[in-house]
Amino acid sequence: MKKWTLASVLFLLCLLFLFPDQGRKIQVNAEDDSDELANPPKVEDKLGAVPNGLSTDSDVVKRESESMSKKSLRNTAEKFEFQAEVSRLMDIIINSLYSNKDIFLRELISNASDALDKIRFLSLTDKEVLGEGDTAKTEILIKLDKEKRILSIRDRGIGMTKEDLIKNLGTIAKSGTSAFVEKMQTSGDLNLIGQFGVGFYSVYLVADYVEVISKNNEDKQYVWESKADGQFAISEDTWNEPLGRGTEIRLHLREEAGEYLEEAKLKDLVKKYSEFINFPIYLWATKEVEKEVPADDDESSDEEETKESSSEEDTEEEKEEEEAEKKPKTKTIKETTHEWELLNDVKAIWLRNPKEVTDEEYTKFYQSLAKDFSDEKPMSWSHFTAEGDVEFKAVLYIPPKAPQDLYESYYNSNKASIKLYVRRVFISDEFDELLPKYLSFLQGLVDSDTLPLNVSREMLQQHSSLKTIKKKLIRKALDMIRKIADEDPDENEGKDKKDVEKSGDDDEKKGQYTKFWNEFGKSIKLGIIEDAANRNRLAKLLRFESTKSGGKLTSLDQYISRMKSGQKDIFYITGTNKEQLEKSPFLERLSKKGYEVIFFTDPVDEYLMQYLMDYEDKKFQNVSKEGLKLGKDSKDKEVKENFKELTKWWKGTLASEKVDDVKISNRLADTPCVVVTSKFGWSANMERIMQAQTLSDANKQAYMRGKGCLRLTLGIPSLRSSVREWQLILRYVF
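Everything quoted here is computed from the prediction, not taken from an experiment. (Residues numbered from 1 in each chain as written. Predicted model: local features only at pLDDT ≥ 70, side-chain atom pairs only at ≥ 80, totals over all residues. Heavy atoms only, no water.)

**Section: the environment of Ala 684**
Under the convention used in this document: A run of H or I in DSSP counts as a helix once it spans at least four residues, and a run of E counts as a strand once it spans at least two, with each numbered from the N terminus. The classification of residues rests on relative accessible area computed with a 1.4 Å probe and restricted to protein chains. Under 20% of the type maximum is buried, over 50% is exposed, and intermediate values are partly exposed.
Structurally, Ala 684 is set in helix H22 (residues 684-691). Taking relative accessible area as the criterion, Ala 684 reaches 53% and is therefore assigned exposed.

**Focus on helix H10 (residues 359-370)**
Threshold: How far a helix is expected to stretch is found by multiplying one less than its residue total by 1.5 Å. The contact criterion used is simple: two residues touch if any of their non-hydrogen atoms lie within 4.5 Å.
For H10, which comprises twelve residues, the first-to-last C-alpha distance of 16 Å matches the rise-based estimate of 16 Å (1.5 Å per residue) to within 8%. Counting buried residues in H10 gives nine out of twelve residues, a clear majority hidden from the surface. Residues of H10 that are buried include every one of Glu 361, Tyr 362, Thr 363, Phe 365, Tyr 366, Gln 367, Ser 368, Leu 369 and Ala 370, and no others. If you follow the buried residues of H10, they end up packed against helix H7 (263-273), strand E10 (380-386), strand E11 (392-398), strand E12 (418-422) and strand E14 (443-448). Following H10 by one or two positions, Lys 371 has its phi on the positive side, about 55 degrees.

**Focus on the side chain of His 383**
Applicable threshold: Each polar contact in these results corresponds to two N or O atoms within 3.5 Å; when the atoms are within protein, one needs to be able to donate a hydrogen and the other to accept it, and residues that are neighboring in sequence are counted only if both atoms are side-chain atoms.
Relative to the helices and strands, His 383 is located in strand E10. On the accessibility criterion, His 383 (13% relative accessible area) is buried. There is a polar contact of 3.3 Å between the side chain of His 383 and the backbone oxygen of Trp 350. There is a polar contact of 2.6 Å between the side chain of His 383 and the side chain of Tyr 362. Excluding its chain neighbours within four sequence positions, the residues that come into contact with His 383 are Ile 349, Trp 350, Arg 352, Pro 354, Tyr 362, Ala 394 and Val 395.

**A look at the confidence of the model for the protein**
As a general rule, the predicted coordinates of low-pLDDT regions are not to be interpreted in detail. Heads up, the rule is: One number per residue, pLDDT, summarises how confident the predictor is, and it ranges from 0 to 100.
Averaged over all residues, the pLDDT of the protein is 75; the fraction at 70 or higher stands at 67%. Per-residue pLDDT, averaged within each element of the protein, yields its smallest value for helix H2 (residues 58-70) (46) and its largest for E11 (94). This model gives residues 188-196 a pLDDT under 50, and the stretch forms 40 contacts once residues within four places in sequence are excluded. In the model, residues 497-504 has pLDDT below 50 throughout and makes seven contacts with residues more than four positions away in sequence or in other chains.

**A word on the nonpolar core**
The nonpolar side chains of soluble globular proteins are, as a tendency, buried together. Filter applied, for reference: By convention a nonpolar core is built from buried Ala, Val, Leu, Ile, Met, Phe, Trp, Tyr and Cys residues, the set being connected through side-chain atoms within 4.5 Å.
Ranked by internal contacts, the top residues of the largest apolar core, which has 77 residues, are Ile 398, Leu 473 and Ile 481. Examining the composition of this core, we find that ten residues originate from one element, helix H12 (residues 465-487), more than from any other. Every residue in contact with Ile 398, bar those within four places of it in the chain, is listed here: Pro 378, Met 379, Ser 380, Phe 441, Leu 442, Met 480, Ile 481, Ile 484, Phe 516 and Phe 520. Judged by nonpolar contacts, the second largest core, of 49 residues, contains Leu 105, Ile 142, Ala 207 and Trp 224.

If you want it as structure tokens, here you go:
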């Protein structure tokens, strides 16, 4: 019993020694917590050259890091489902094996530039929309956080409201979404994503979690976030630094995307893709600088000792001089600093002298302008300055390929690709007044010093100067197209040797006009239909195959140079394809006499020839219609008189077959007879095209159908056949 009592006493004594220490620790911790509450963390005063640039509250950093580490949508956020085609697009991007992931930065910077263009345009009529201080700066900021693996891109553009975030980044698919998905399934080229207006989603090539913080002048600041798992969330932003206005995109990079946390990589990408963006692009860069600091006491004392030992023999006068010249000792050290570094300092290319701009620079500018980063160069470009009553600078490009939807809804959509600037301020890229529809495939920009700056776009569209600008742009565009033909060796086969040598040195130009015609030839034909003022210029650009072109394209000028003496008309025939037309009986006599006939096989050619009536004083003649004249024969009159009764009988017999007349003709050689259409009605090919229309009305089209005229071969034995034989022939024809 005594042993247990002694043990209990010792145990109680130990506890008494332990509890006071523990209590003191608890008290100390409580005091520490109270100190933290009394001195809350403050926002950093300045980060580099741009005040408040992407700076954050330290407490915010803690909360954000916790959220980022979890990479899950906030519980308090309002959640939405992605629209079906957007989800489909994101699945393609996320699961893509596409190697060029660099395009995401190009697309984000391009979007930021568009947002800045919009706010700058609004500021022309309302300067207050820009705000004050840093908010008024139109710039793009890029910042890295290697520890958290975050890449941030921020602009001070127009920003997005909550509705904009939902509409633009999630639920409503743009028209380009489905078009891009179809393009990806056929070609697999993600590089063209920017042309379809869905470039934002390329961020999921490198990130698995994305935050979009945006502030519009008309709404509060919101955060859009998504892991690309079929849904996204939007919540009012009460924890991040107020943006003032604009958008900040935070990419939480994947493990395999670590290269985009390197400053050198980002600099190269901006240089490659965004060199010609019209707003400054800054990168929060790390630099090492040399700095002079006072030397340590130990080092300075050691130096003094060495000097004392070496100067024992010096005189007192020399010591006094040394003491007078003696300065504070310093040393050089390397210090790491951060500052905003400007990445794009290239002058706007259209403001430079064309002679000083290289072909490589023109190509890079086209890629930036058209968002076309394929390996193919533009076919041609024109950089010029117009002076006079209306002054402007312009750069026009012919793309290497026609857009996929160039002729879809041709008359019902606005597809202008020319950007309009007024005194270096972007106004719009939706001005139909700058170029006609048939030249809508051109890319480029116009910068005018004559147009007013501080008026609405509607008023600007009515400005008289736009007509002058349009007229000059059309002429320059047609000159640029003609230049491709002039420099193509294949187009100069019939010219003098000197001309061929000048244009044939560069093999790259060989076959270029054929390539242009295959891509944009239909636009030239539509131009002839629509633009009466430039019809003759456009007609010079026409290309087609003929009975003498040897399978190659030829021009109207080349056709005229091969015309027979005495030939007054340009002969052509329309049909579905060249092979069918070559077997046409309408060509029999023409071929034997050596006449050249043009083949028109495009459905639009029928409409084209209704407007192109003549060229260089030569009339066009459809050889399948009435009016074809091949010269007179002395026997023609005699033969017609001999068979007058026969033709009269046929005319009466075929009246029910809608045959208007029966004539003896010299247009055939081997075929006994053929039906031609009237001169002013539809041709047989045009009637076939109209009947193929989905909503065609046969009753309304009846007045355009020309009545047929039966032509009988002149001077062949078949004319002497019996009536029974001719009945069999007619049954075969009709």
